Amino acid sequence: MADTVVQAQPVTAADSPHQGSSSDPQQRRSAPARRKSRTIRVLRAWQLYVLLAPTLVYFLVFKYWPMYGVQIAFRDYTPAGGFTESPWAGVDHFVRFFSSYQFGTVVSNTLLLAIMNLAFVFPIPILLALLVNQLAQGRFRRFVQNVLYAPTFISTVVVVGILFILLSPRAGLINNAIGLFGGEPIFFMGSAEWFRPVYVASSVWQEAGFNMVVYLAALAGIDPALHDAAKVDGASKLRRVWHIDLPGIAPVISVLFILAVGNLLNLGFEKALLMQTDLNVAASQVIQTYTYEVGLQQAQFSYASAIGLFNSVLNLALLLTFNQVARRARQSSLW
Amino acid sequence: MTTQLMRPPVTPRGTAFRRRLADPLFNAFAMTILGFALIAVIYPIYFIVIASVSEPARVYEGQVWFWPVGFTLDGYARLLTDATVWRGLGNSLLYTGLATALSVALVVSAGYVLSRRDLPGRKTITFLLVVTLFFDGGIIPRYLVVGDLGLLDTVGAMILPGAVAVWNVVIARAFFESSLPDEIREAAQMDGASDFRFFFRIAVPLSKPLIALMIVIHLIWNWNGFFDALIYLNNPDLYPLQLVLRNILVQSDLSGSSNLSGDLASYEAAQRLAELLKYSAIVFASVPLLLMVPFLQRFFTQGALLGAVKN
């Protein structure tokens, strides 16, 4: 992704090797001649375009057509009118959303959940990777990796199912343990204040291992000579983690952080939907679950599209902001 | 540790002494954290496995902690005689197989083509693909498009709308860029190989690690996905396993509950059997996959490496 910008202009970069040594005279040619040679190169590459065509069709149909269809957020969608013939409604749906009593709750729920999720789900895998990398070698390392990694393979439906079972107020494992120590049972899934802690903790449980493996792969790329040299100088493990390992994976951390921020409002929507109960809805109703409820359950397509568009724009704004900040801070960004 | 750190590290002897104390402390700290993490991951899964073969009443009373109490297979018997579970399993196998085959074919071919530096328009096309990572129309317009295509309540809805993930195309492109030098292609083209021929005869056979990774990723995604089914399918006969599980686990919609008798004791017993069924359902849906983790992890480490290199 990054190299799409870094690279030279494709016209020169793409001087294809099979045209032999003609690249030098080519650059001196006049503009029309160059345009002509581009046409020839496009025609010559037709087989490549054939290989790419199904993917392009997919993107046009399932990505760009919905983007075009997002205009129904500004229309009153009717099934007969579709995306382009339904009557215009201006910004009515946005005004309705912004002035609805749901707006404040839904937006703050979304941001709170996303930020709490980011604050815990993002750093913990880094910590785990640094520890595993320093500590475990050979079989033990593979064992730790495999175990921590395993929950990635469990579907979100099952993870939420496990939560409902283990946190059940009457006979769940957690409440039995609380009872053993003489505490009062807690109705985790049926209370708004427990929704976010349970959500975040289960996200850590499910995702930390996968992200840890990414950082472990980056740590494996650090030159062992650095560690050897530091050891000769008498640096302790903690010092080496701090001065070698952490700077070594800093570029990966910052890219993953930007990506995580860019997806801040999208991640985990399925889980919020699954975890939602009538009793915790005050905390669990996020923008996306609200879109789902309004759009797909109540069939208010235009209103729901407006809410969805608001979500997308907010997401994009967050991504651009953080990318800018990261670029200023460490000269590493997505583009 | 602090007192040792205050001693100036002047002699090699002092340095060695300090390291002898600092590193064991670090190791102890690391072991504690990792031990806690291992238990936090293993124990809930282990508990569900033993609870699924325990007497439901004992689980309910909190007597099951470390081993099964009152061994029973009733939960599994009930689960495996449920027609919706088997139908869901069949549907999931069908959707997962078809969707994975299509996705891998598209991702590998698109990744290869976009790795070709001599492709006119490569930059523009890559940009158009990547844009969709950061902005999309949202679920409502997508739902309406799928509806306009007549895909609602068809197998197509489970295969087409999520067929290509941009991130995987980026990984595939990085793989081809780093492992398929231009020289090989130039040599093949010198010998008269067309782009098709080169792709199918040389690029694909050389990309077995990539294809294996993509198959594993898509198998797991498709197998575990439920959201597309939730929004695009209304007909319960088409439900994949995850949606059936959702009904059992999350919505507690237990298909046999209508034939419960009225008296309270047996109602409670049936309720507890229904709880037991949940434990069995979790084991049934997850443990086979978990047993494959050691074999699958190799592919993901490669994938993580590819991603990290790219980054």
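Residues numbered from 1 in each chain as written. Chains lettered and ligands numbered in written order. Predicted model: local features only at pLDDT ≥ 70, side-chain atom pairs only at ≥ 80, totals over all residues. Heavy atoms only, no water.

This next bit is on the overall build of chain B. What chain B contains, in helices and strands, is 15 helices and zero strands. Counted over contacts in chain B with a minimum sequence separation of 6, partners at least 24 positions apart contribute 71%. Of the roughly 14,400 Å² of accessible surface on chain B, 66% is carried by carbon and sulfur atoms. (Helix = DSSP H or I, 4+ residues; strand = E, 2+ residues; numbered from the N terminus. Contact = heavy atoms within 4.5 Å. Areas by Shrake-Rupley, 256 points an atom, 1.4 Å probe, with all protein chains shown as cover.)

As a further point, take the packing of helix 18 (residues 287-297) of chain A against helix 7 (residues 139-148) of chain B. Close contact between helix 18 of chain A and helix 7 of chain B brings their axes to 10 Å; oriented N to C, the two are set at 30°. Crossing of helix 18 of chain A over helix 7 of chain B shows right-handed handedness. For the pair helix 18 of chain A and helix 7 of chain B, contact is made by Thr291, Tyr292, Gly295 and Leu296 of chain A and by Ile139, Ile140 and Tyr143 of chain B, respectively. Its residues assigned to classes, the contact of helix 18 of chain A with helix 7 of chain B comprises five nonpolar, two polar and no charged. (Axes fitted to C-alpha atoms, helices over the stretch in contact; angles between N-to-C directions. Left-handed = near helix turned anticlockwise from the far one by under 90°. Nonpolar A, V, L, I, M, F, W, Y, C, P; charged D, E, K, R; others polar.)

Looking now at the interface of chain B and chain A. Each partner contributes to the interface: chain B provides 109 residues, whereas chain A provides 107 residues. Summed over both partners, the interface of chain B with chain A comes to about 9,900 Å²; 76% of that surface belongs to carbon and sulfur atoms. Across the contact surface, chain B and chain A share zero salt bridges. Our count for the contact surface shared by chain B and chain A stands at twelve residue pairs in polar contact (both at pLDDT 80 or more). In terms of residue class, the side of chain B that touches chain A is made up of 72 nonpolar, 17 polar and 20 charged. (Buried area = accessible area lost by both parts, 1.4 Å probe. Salt bridge = Lys/Arg side-chain N within 4 Å of Asp/Glu carboxyl O. Polar contact = N/O pair within 3.5 Å; in protein donor to acceptor, adjacent residues only side chain to side chain.)

Before going further, it helps to examine the side chain of Asn117 of chain A. Residue and element names in this part refer to chain A. Note on placement: Asn117 falls in helix 8 (residues 102-121). Judged by relative accessible area, Asn117 falls into the buried class, the value being 11%. If we skip the residues at most four places from it in the chain, Asn117 touches Phe122, Tyr199, Val200 and Ser203. (Buried < 20%, exposed > 50% of the residue type's maximum accessible area, 1.4 Å probe, protein only.)

Bringing the environment of Lys123 of chain B into the picture now. Residues and elements named next belong to chain B. By the secondary structure assignment, Lys123 is in helix 6 (residues 122-134). Looking at Lys123, the relative accessible area reads 27%, which means it is partly exposed. Once the C-alpha coordinates of Lys123 and Arg201 are considered, the two residues, 78 residues apart in sequence, prove to be 26 Å apart.

So, about the pattern of salt bridges. Residue and element names in this part refer to chain B. Across all of its chains, the model carries eight salt bridges over all chains by this definition. Between Arg185 and Asp118 there is a salt bridge, and its shortest N-O distance comes to 3.6 Å. One end of the pair, Arg185, is in helix 9 (residues 182-190); the other, Asp118, is in the loop between helix 5 (83-115) and helix 6, and 67 residues separate them in sequence. Side by side, Arg185 and Asp118 carry an identical accessibility label, which is buried. With its nearest N and O atoms 3.7 Å apart, the salt bridge here joins Lys278 to Glu275. Here Lys278 pairs with Glu275, and both are found in helix 14 (residues 264-291), just three residues apart, close to one helical turn. What makes Lys278 buried here is its relative accessible area of 7%. We classify Glu275 as partly exposed; its relative accessible area is 31%. One network of salt bridges, with partners in common, ties together Arg116, Asp118, Asp182, Arg185 and Asp195.

Take helix 8 of chain A next. Residues and elements named next belong to chain A. End to end, helix 8 covers 27 Å across 20 residues, agreeing with the expected 28 Å (1.5 Å per residue, within 8%). Listed in full, the buried residues belonging to helix 8 are Gln102, Val106, Val107, Asn109, Thr110, Leu113, Ala114, Asn117, Leu118 and Val121. Summarising the axial view, the buried residues of helix 8 lie within an arc of 160°, below the 170-degree limit, and thus occupy one face. (Expected span 1.5 Å × (residues − 1). Arc of directions from axis to C-beta.)

Okay, the packing of aromatic side chains next. In this structure the tally under the stated criterion is 32 aromatic pairs over all chains. Ring centres of Tyr292 of chain A and Phe227 of chain B lie 6.1 Å apart, and the angle between their planes is 50°; this geometry places the pair in the tilted category. Remark: Phe227 of chain B occurs in helix 12 (residues 227-232) and Tyr292 of chain A occurs in helix 18; the pair is interchain, linking two chains. The pair formed by Tyr292 of chain A and Phe227 of chain B is uniform in burial state, with each residue classed as buried. Among the aromatic residues, those joined into a ring-pair cluster are Phe74, Phe94, Phe97, Phe98, Phe103, Tyr290, Tyr303 and Phe310 of chain A. Sitting over the face of the ring of Trp88 of chain A, Arg75 of chain A holds its NZ or CZ atom 3.8 Å from the ring centroid. Sitting above the plane of the Tyr303 of chain A ring, Arg96 of chain A keeps its charged end 3.7 Å from the centroid. (Phe/Tyr/Trp six-rings, centres within 6.5 Å; stacked < 30°, edge-to-face > 60°. Lys NZ or Arg CZ within 6 Å of the ring centre and 35° of its normal.)

A separate point is the packing of helix 5 (residues 46-69) of chain A against helix 5 of chain B. Packing of helix 5 of chain A against helix 5 of chain B leaves a shortest axis separation of 8 Å and a crossing angle of 135°. Between helix 5 of chain A and helix 5 of chain B, the angle is such that the two are oblique. By crossing handedness, the relation of helix 5 of chain A to helix 5 of chain B is classed as left-handed. Contacts between helix 5 of chain A and helix 5 of chain B involve Leu48, Leu51, Leu52, Pro54 and Thr55 of chain A on the former and, on the latter, Leu106, Ser109, Ala110, Tyr112, Val113 and Leu114 of chain B. For the contact of helix 5 of chain A with helix 5 of chain B, a count of residues per class yields nine nonpolar, two polar and no charged. (Parallel < 35°, antiparallel > 145°, perpendicular 65-115°, else oblique.)

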